[in-house]
Number of protein chains: 2
Amino acid sequence: MLDSIPSFARLVAELSKLPGIGKKTAARLVFHLLRRPAAEVEALAAAIAEIKRNVRFCSCCFSLTEQDPCRLCVDPARDDRVLCVVEQPQDLIAIERSRSFRGRYHVLHGALSPLDGMGPEDLHLAELMTRLEGVEEVVVATNFSVEGEATALYLADQVKGRGIRVTRLAYGIPMGSDLEFVDEATVNRAVEGRREL
Amino acid sequence: MLDSIPSFARLVAELSKLPGIGKKTAARLVFHLLRRPAAEVEALAAAIAEIKRNVRFCSCCFSLTEQDPCRLCVDPARDDRVLCVVEQPQDLIAIERSRSFRGRYHVLHGALSPLDGMGPEDLHLAELMTRLEGVEEVVVATNFSVEGEATALYLADQVKGRGIRVTRLAYGIPMGSDLEFVDEATVNRAVEGRREL
């Protein structure tokens, strides 16, 4: 039946390539699109076609941008002496959303993971090293996973040799948590990292 | 931060309109697309743009098709004397997949649901009535929901007056089920509908 409507089969195949979308969800999405006005469907198609054309990686910090260098790299109000290193552009967005950091960023596009074949040469580490002139502190904000921790240690090792301070985001209990439901490892780190009131 | 990359924000907004896709999932999909080759992203955009242009509803049975009338309506091998009525094109696809039916179809595009404002005039019922010439049996395959059942009863009422047999798909235990996990209402119907071996 479906082979008589090739446009349908083709869109199901394309949508199924997206993460978390199987054949059934893809078919449901296609039926949804068929019920929507043509203008809305065209707008979605245009937005997808444009994303790769308009959005690129900043040649300085490797974050997402439509202008190069990106707005954060050229903003004169940001502090050049503090550089925050993250794994992915979405991590940078999370920190910007918190309004807690006013320095510059550097996006590695991954973390060290020998099992996945990710070595230092697969990350934007060489470019990071060329940006350390005048930097006084590198804030390592890689993820709190095994790979993120390994990357943090590797970075600390590389950067400290240059006499630059290397800091790591604090471990601890997430805001609004019920202590009884927080995992042991996190409580352990929170106790270790306790501070004077 | 995100307002400096409008293409990103626009695609997140468009994707969030799809059923089951919230802002976070949409952002995850956009990051995924940004990592894929341009050709793959263009293929997805083109497939979406084409779906509304190429796929239409058959003017005879109201199923999805790229040619009008659809392949099922013009296929000389199908039995004109049996007409199967379904709610949605995907129901037709499910029955075709089972290879258990060789007659013609009619897609209502909904079911009677007074609470949602769906009355007989909102379904393709008038068109169904014009197709009953020469039909000996109408198989009602609307869903087994309250709305689907109401539609089945309404249809039976309308069609029986013309001396045409009206049948309903059998209720019962789904293949491969563990009886202990089947809901009471289904077991009840399966006992009522038991057959000689």
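Since the model is a prediction, treat every value here as computed from it, not as a measurement.

## Considering the pattern of salt bridges
Residue and element names in this part refer to chain B.
Logical step 1: The tally for this structure, following the rule as stated, stands at 18 salt bridges over all chains.
Logical step 2: Residue E40 pairs with R36 through a salt bridge whose shortest N-O separation is 3.0 Å.
Logical step 3: Of the residues examined, R36 reaches a relative accessible area of 31% and is grouped as partly exposed.

## Comments concerning the sheet that holds strand 3 (residues 79–86) of chain B
The strands that make up a sheet pair up through hydrogen bonds in the backbone, lying either parallel or antiparallel.
Residues and elements named next belong to chain B.
Logical step 1: The strand order across the open sheet built from 4 strands is 4-3-5-6, with neighbouring strands paired in parallel fashion. The sheet is open, and its two edges are formed by strand 4 (103–107) and strand 6 (165–168), each paired on a single side. When the angles between neighbouring strand axes are averaged without regard to direction, this sheet yields 25 degrees.
Logical step 2: With 4 bridges connecting them, strand 3 and strand 5 (residues 137–140) associate as parallel partners. If you follow L83 over to strand 5, its bridge partner there is V138.
Logical step 3: Against the sheet, helix 5 (residues 89–98) touches strand 3 and strand 4, its axis set at about 160 degrees to strand 4.
Logical step 4: Docked against the sheet, helix 7 (residues 146–160) engages strand 3, strand 5 and strand 6, running at close to 165 degrees with respect to strand 6.

## A word on the pairing of strand 6 (residues 165–168) of chain A
Residue and element names in this part refer to chain A.
Logical step 1: Across 4 bridges, the pairing between strand 5 (residues 137–140) and strand 6 is parallel. Across the sheet, the residue bridging to V139 is T167, located in strand 6.
Logical step 2: Crossover connection from strand 5 via helix 7 (residues 146–160) to parallel strand 6: handedness right-handed.

## Things to note about the environment of F31 of chain B
Logical step 1: Its place among the elements puts F31 of chain B in helix 2 (residues 23–35).
Logical step 2: Note on F31 of chain B: relative accessible area 8%, which makes it buried.
Logical step 3: With near-sequence residues (within four places) excluded, F31 of chain B lies in contact with L64, P89, Q90 and I93 of chain A together with F8 of chain B.

## Some points on the interface of chain A and chain B
Logical step 1: If you look at the interface, chain A gives 52 residues, while chain B gives 52 residues.
Logical step 2: Of the roughly 5000 Å² buried between chain A and chain B, counting both surfaces, carbon and sulfur atoms make up 71%.
Logical step 3: Taken together, the connections running from chain A to chain B amount to 4 salt bridges.
Logical step 4: For the interface between chain A and chain B, the tally reads 10 residue pairs in polar contact (both at pLDDT 80 or more).
Logical step 5: Those elements that provide at least two residues to the side of chain A that touches chain B are helix 1 (6–16), helix 2 (23–35), helix 3 (38–54), strand 2 (64–65), helix 4 (71–74) and helix 5 (89–98) of chain A.
Logical step 6: Sorting elements by how many residues they give to the side of chain A that touches chain B places helix 3 of chain A first, with 15 residues.
Logical step 7: Its residues assigned to classes, the side of chain A that touches chain B shows 30 nonpolar, 7 polar and 15 charged.

## Overview of the relation of the copies chain A and chain B
The two chain copies are related to each other by a rotation about an axis together with a translation along it.
Logical step 1: When chain A is fitted to chain B, the residual RMSD is 0.1 Å, and the transformation amounts to a turn of 179 degrees plus an axial shift of 0.0 Å. As the rotation angle and translation indicate, the two copies are arranged about a two-fold axis. Measuring from the rotation axis to each C-alpha of chain A, the shortest distance belongs to A45 of chain A, at 2.3 Å.
Logical step 2: Of the interface residues in chain A, 100% have counterparts in chain B that sit at the interface too, so the contact is made through matching surfaces.

## What about the domain arrangement of chain A?
Logical step 1: Assigned domains of chain A: these are domain 1 (2–54) and domain 2 (78–168).
Logical step 2: Taken over C-alpha atoms, the centre of domain 1 of chain A sits 37 Å from the centre of domain 2 of chain A.

## Here's the deal with the UniProt feature "domain: Toprim" (unreviewed entry) in chain A
Logical step 1: The UniProt entry lists residues 81–174 of chain A under the feature "domain: Toprim" (unreviewed entry), expressed in the numbering used here.
Logical step 2: Helix makes up 32% of residues 81–174 of chain A and strand makes up 20%, while its end C-alpha atoms are separated by 28 Å.

## Brief notes about helix 7 of chain B
Because each turn of an α-helix spans 3.6 residues, side chains separated by three or four positions in sequence point in the same direction.
Logical step 1: In this model, helix 7 of chain B (15 residues) spans 21 Å end to end at C-alpha, consistent with the 21 Å of a helix rising 1.5 Å per residue.
Logical step 2: Looking at the buried residues of helix 7 of chain B, the elements they touch are strand 3, helix 6 (125–129), strand 5 and strand 6 of chain B.

## Some points on the UniProt feature "zinc finger region: C4-type" (unreviewed entry) in chain A
Logical step 1: With numbering matched to this structure, UniProt assigns "zinc finger region: C4-type" (unreviewed entry) to residues 58–73 of chain A.
Logical step 2: For residues 58–73 of chain A, helix accounts for 19% and strand for 12%, while the C-alpha atoms at its two ends are 8 Å apart.

## Notes on the sheet that holds strand 6 of chain A
Residue and element names in this part refer to chain A.
Logical step 1: With parallel pairing, 4 strands are arranged side by side in an open sheet as 4-3-5-6. Each edge of the open sheet carries a strand with a single partner, namely strand 4 (103–107) and strand 6. The mean angle between the axes of side-by-side strands here comes to 25 degrees, regardless of whether they run parallel or antiparallel.
Logical step 2: Contacts between helix 5 and the sheet are confined to strand 3 (79–86) and strand 4, with strand 4 contributing the most and set at about 160 degrees to the helix.
Logical step 3: Helix 7 contacts strand 3, strand 5 and strand 6 of the sheet and is inclined by roughly 165 degrees relative to strand 6.

## Some thoughts on helix 1 of chain A
Logical step 1: Here helix 1 of chain A has its buried residues at S7, F8, L11, V12, E14 and L15 of chain A. Along the axis of helix 1 of chain A, the buried positions cluster into a sector of 165 degrees, meaning they face one direction only.
Logical step 2: Its buried side turned inward, helix 1 of chain A meets helix 2 of chain A together with helix 3 (38–54) and strand 2 (64–65) of chain B.

## Some words on the environment of F62 of chain B
Residues and elements named next belong to chain B.
Logical step 1: Within the secondary structure, F62 sits in the loop between strand 1 (56–57) and strand 2.
Logical step 2: Overall, F62 belongs to the buried group, its relative accessible area being 11%.
Logical step 3: In sequence terms F62 and A45 are 17 residues apart; their C-alpha atoms lie 26 Å from each other.

Criteria and cut-off values
- Residues numbered from 1 in each chain as written.
- Chains lettered and ligands numbered in written order.
- Predicted model: local features only at pLDDT ≥ 70, side-chain atom pairs only at ≥ 80, totals over all residues.
- Heavy atoms only, no water.
- Salt bridge = Lys/Arg side-chain N within 4 Å of Asp/Glu carboxyl O.
- Buried < 20%, exposed > 50% of the residue type's maximum accessible area, 1.4 Å probe, protein only.
- Pairing = 2+ DSSP bridges.
- Helix = DSSP H or I, 4+ residues; strand = E, 2+ residues; numbered from the N terminus.
- Axes fitted to C-alpha atoms, helices over the stretch in contact; angles between N-to-C directions.
- Contact = heavy atoms within 4.5 Å.
- Right-handed = clockwise from strand over helix to strand, strands pointing away.
- Buried area = accessible area lost by both parts, 1.4 Å probe.
- Polar contact = N/O pair within 3.5 Å; in protein donor to acceptor, adjacent residues only side chain to side chain.
- Nonpolar A, V, L, I, M, F, W, Y, C, P; charged D, E, K, R; others polar.
- Least-squares fit on C-alpha atoms with pLDDT ≥ 70 in both.
- Domains from an automatic or database assignment.
- UniProt positions renumbered as here; feature names shortened; annotations may be inferred.
- Expected span 1.5 Å × (residues − 1).
- Arc of directions from axis to C-beta.

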